[in-house]
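Residue strings, one per chain:
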Amino acid sequence: MASVSLSLLMASWGYGPDRDRCLDLKTDPELGLELDELDELTLNIFEILLILKFSSGLRHRHQDDHKCEKLETPKPRMAATQELVQKIVESKKNAPPSKGRKGAKNAATAAKVALMKFKMHASGDKGLPQTERTYFQVFLPKEAKDPSLPMFFCSKWSVGKVVDFAASQASLKNNNNVLTAKKLRLCHPETGEAFKMDASLQSLLSHTDCPLHNGDNVILEYLDNKSSGLDDVTDYISSS
């Protein structure tokens, strides 16, 4: 009866002769006791001792309960995150430079930022629809009172009309109808090239090589009739 009770006890805890250690159902080799010779009270005590023995054996299932030599210490979460970030940074350093028209993209972004800044106080024809307005920071001739003024124009206008309107807004002398006089010309802010007077503003905005952008800079200056543009735009717009 003692053997049956102990068998059921060990089975309920998931232990048997094929587990971590071999156990004779009749004899405990560590105690040297014959289970059949024990009375009922002693047998009950012995079963309690077995429960304690087998329950302590269950802790072997958790490595950190008995300081197993194979236990791997988990890395702190923050250290693992820092290691991942460092790998990403190193991969970016070793990556080849991306190709593309970064200059054009940067110019467009800068123009949009400038557009938001001076849109509220730019001068122009208030009757123009918002969808047709093109904003420029107009750098004026060296002899002008102000170095530059924010203005907006109709995108459907010709360069000639833009020049006339800008001269009126800035109170500049305009002798473009006088054959021998110097002419007010609108020039590109980077190349200094003087735009053709009959070109549309929309065509300058959609130019493939050196387009103007809404919110960009332009230069207005008096030029000789034979001049094709400005020699040095930094005289008007700082290179910084």
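Chemist: Can you walk me through the overall build of the protein in this structure?
Modeler: Counting its secondary structure elements, the protein contains 6 helices and 6 strands. Going residue by residue from the N terminus, the α and β elements of the protein occur as α-β-β-α-α-α-β-β-α-β-α-β. Counting contacts in the protein only where the partners sit at least 6 residues apart, residues at least 24 apart contribute 57% of the total. Here the protein has roughly 16500 Å² of accessible surface; of this, 55% comes from carbon and sulfur atoms.

Chemist: Looking at this structure, how should I read the side chain of Thr 134?
Modeler: On the secondary structure map, Thr 134 appears in strand β3 (residues 133-139). Residue classification places Thr 134 among the buried positions, given a relative accessible area of 2%.

Chemist: Would you mind going over the pairing of strand β5 (residues 183-187) with me for this structure?
Modeler: The side chains of a regular strand alternate between the sheet's two faces. Taking burial as the measure, the 5 residues of β5 include 5 buried ones, the bulk of the element. The alternating pattern of β5 places Lys 183, Arg 185 and Cys 187 on one face and Leu 184 and Leu 186 on the opposite face, and all of these are buried. The pairing of β5 with strand β6 (residues 216-223) spans 5 bridges and is classified as antiparallel. Residue pairing for β6: Leu 184 is matched across the bridge by Tyr 222.

Chemist: So what exactly am I meant to see when it comes to the nonpolar core here?
Modeler: Inside soluble globular proteins, nonpolar side chains tend to come together where they are buried. Counting 32 residues, the largest nonpolar core has Val 138, Phe 153, Leu 172, Leu 186 and Leu 220 as its most contacted members. Counting only elements with at least two residues in this core, the list comes to α4 (102-118), β3, β4 (148-154), α5 (159-169), β5, α6 (201-205) and β6. Residue contributions to this core peak at 6 residues, all from α5. Apart from the residues lying within four places of it in its own chain, the contact partners of Leu 186 are Val 159, Val 162, Val 163, Glu 193, Ala 194, Phe 195, Val 218, Ile 219 and Leu 220. Phe 139, Ala 194, Ile 219 and Val 233 belong to the second-largest nonpolar core, a separate cluster that totals 9 residues.

Chemist: How should I be thinking about the sheet that holds β6 in this particular structure?
Modeler: Strand pairing in a sheet takes place through backbone hydrogen bonds and is either antiparallel or parallel in direction. Spatially, β4-β3-β6-β5 is the arrangement adopted by the 4 strands of the open sheet, whose pairing is mixed. Two strands bound the open sheet, and with one partner strand each, they are β4 and β5. Averaged over all neighbouring strand pairs, the angle between strand axes comes to 35°, with direction disregarded. As defined by bridge partners, β3 adjoins β4 across 7 bridges and the pair is classed as antiparallel. Each bridged residue has a counterpart across the sheet, and for Thr 134 the counterpart in β4 is Phe 153. Packed on one face of the sheet, α5 meets β4, β5 and β6 and runs near 135° to β4.

Chemist: Is there a simple way to think about the environment of Ser 158 in this case?
Modeler: In this structure, Ser 158 sits in the loop between β4 and α5. Among the residues examined, Ser 158 registers a relative accessible area of 28% and is labelled partly exposed. Taking C-alpha positions, Ser 158 is 9.1 Å from Lys 196, a pair spaced 38 residues apart along the chain. The residues contacting Ser 158, other than those within four sequence positions of it, are Met 197, Asp 198, Ala 199 and Ser 200.

The rules we used
Residue numbers restart at each chain and count upward from 1, following the sequence in its written direction. Totals for whole chains, interfaces and linings use every residue, but because this is a predicted model, local features are given only for residues with pLDDT of at least 70 and side-chain atom pairs only at 80 or more, for both listing and counting. To obtain the side-chain values, all non-hydrogen atoms of the structure were used and water was disregarded. To qualify as a helix, a DSSP run of H or I must reach at least 4 residues; to qualify as a strand, a run of E must reach at least 2; elements of each kind are numbered from the N terminus. Residues count as neighbours in contact if any of their non-hydrogen atoms are within 4.5 Å of one another. All accessibility values rest on the Shrake-Rupley procedure with a 1.4 Å probe; residue burial counts only the protein chains present in the view. The buried label applies to any residue whose accessible area, calculated with a 1.4 Å probe on protein chains only, is under 20% of its type's maximum; exposed applies above 50%, and partly exposed to all values in between. Between any two strands, at least two bridges found by DSSP are needed for them to pair. Among buried residues, those of type Ala, Val, Leu, Ile, Met, Phe, Trp, Tyr and Cys that are joined through side-chain atoms within 4.5 Å constitute a nonpolar core. Only the stretch in contact is used when a helix axis is fitted, and all axes are lines through C-alpha atoms; the angle between N-to-C directions ranges over 0 to 180 degrees.

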